[in-house]
Amino acid sequence: MSEQGQATAVVEAPAGTPAMDTPAAPRPQQPQAISDPRQIAAIMMARINHINTKKDELTIAIKGLTDLTQQLVQAYAAQMQVIEQLATRLKAVEETAGAPAVNGHAVAPTMPNA
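Cut-offs used in this document
- Residues numbered from 1 in each chain as written.
- Predicted model: local features only at pLDDT ≥ 70, side-chain atom pairs only at ≥ 80, totals over all residues.
- Heavy atoms only, no water.
- Helix = DSSP H or I, 4+ residues; strand = E, 2+ residues; numbered from the N terminus.
- Buried < 20%, exposed > 50% of the residue type's maximum accessible area, 1.4 Å probe, protein only.
- Contact = heavy atoms within 4.5 Å.
- Areas by Shrake-Rupley, 256 points an atom, 1.4 Å probe, with all protein chains shown as cover.
- Patch = residues over 30% accessible without salt bridge, like charges linked within 9 Å, V, L, I, M, F, W, Y side chains within 5 Å.
- Salt bridge = Lys/Arg side-chain N within 4 Å of Asp/Glu carboxyl O.
- pLDDT = per-residue confidence, 0-100.
- Expected span 1.5 Å × (residues − 1).

A word on the overall build of the chain
When helices and strands are counted, the chain shows one helix and four strands. The linear arrangement of helices and strands in the chain, starting from the amino end, is β-β-α-β-β. Counting over 114 residues, the chain shows a buried share of 4%. Of the contacts made within the chain by residues no fewer than 6 positions apart, 37% connect residues no fewer than 24 positions apart. In the form shown here, the chain has an accessible surface area of approximately 10,500 Å², with 62% of it arising from carbon and sulfur atoms.

Okay, structure coming up:
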């Protein structure tokens, strides 16, 4: 019989989701020694799947934030164009009406006293 070295891993039992745990009743975690390679492989695959799931959730969240940011930038650019057009129209109205301006703003004409 040949001797084969067995892999041993110390793992913590999963605690479940934080939403299910209550802060008033913390459960002490005792590491368990696992020497069966199939159990080690199953635990590692479960952890890899958990990490991949979290990565996918973060990717979706980042994509959503990116899309929202693009929409906000487009709305901001459109508003800036409207503001520039209004400023141009205001200048044109001031120039054609010959109204006096103070610091670039039109001043309403006053009625002469009778």
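The rest of the description comes next.
Side note on a nonpolar patch on the surface
A contiguous nonpolar surface patch, about 310 Å² in accessible area, is contributed by Leu65, Leu68 and Leu72. As for its placement among the helices and strands, Leu65 is situated in helix α1 (residues 37-97).

Some words on the pattern of salt bridges
Going through the model one piece at a time under the given rule, you end up with three salt bridges. Among the ionic pairs, Arg38 bridges to Asp36, the shortest N-O distance being 3.6 Å. The exposed category is assigned to Arg38, whose relative accessible area is 66%. Look at Asp36 and you get partly exposed, because its relative accessible area is 24%. The partner of Lys54 in a salt bridge is Glu57, with the nearest N and O atoms 3.7 Å apart. Here the residue Lys54 and the residue Glu57 both occupy positions in helix α1, the gap between them amounting to three residues, near one helical turn.

Remarks on the confidence of the model for the chain
A residue-level look at the chain finds 61% of positions with pLDDT of 70 or above and a mean pLDDT of 78. Across residues 1-8, where pLDDT falls below 50, the model places seven contacts with residues more than four positions away in sequence or in other chains. Contacts of residues 15-21 to residues separated by more than four positions or lying in other chains number four contacts, the stretch itself having pLDDT below 50.

Re α1
Taking 1.5 Å of rise per residue, 61 residues should cover 90 Å, and α1 covers 89 Å from first to last C-alpha, within 8% of that figure. Looking one or two residues beyond α1, the residue adopting positive phi is Gly98, at roughly 70 degrees.

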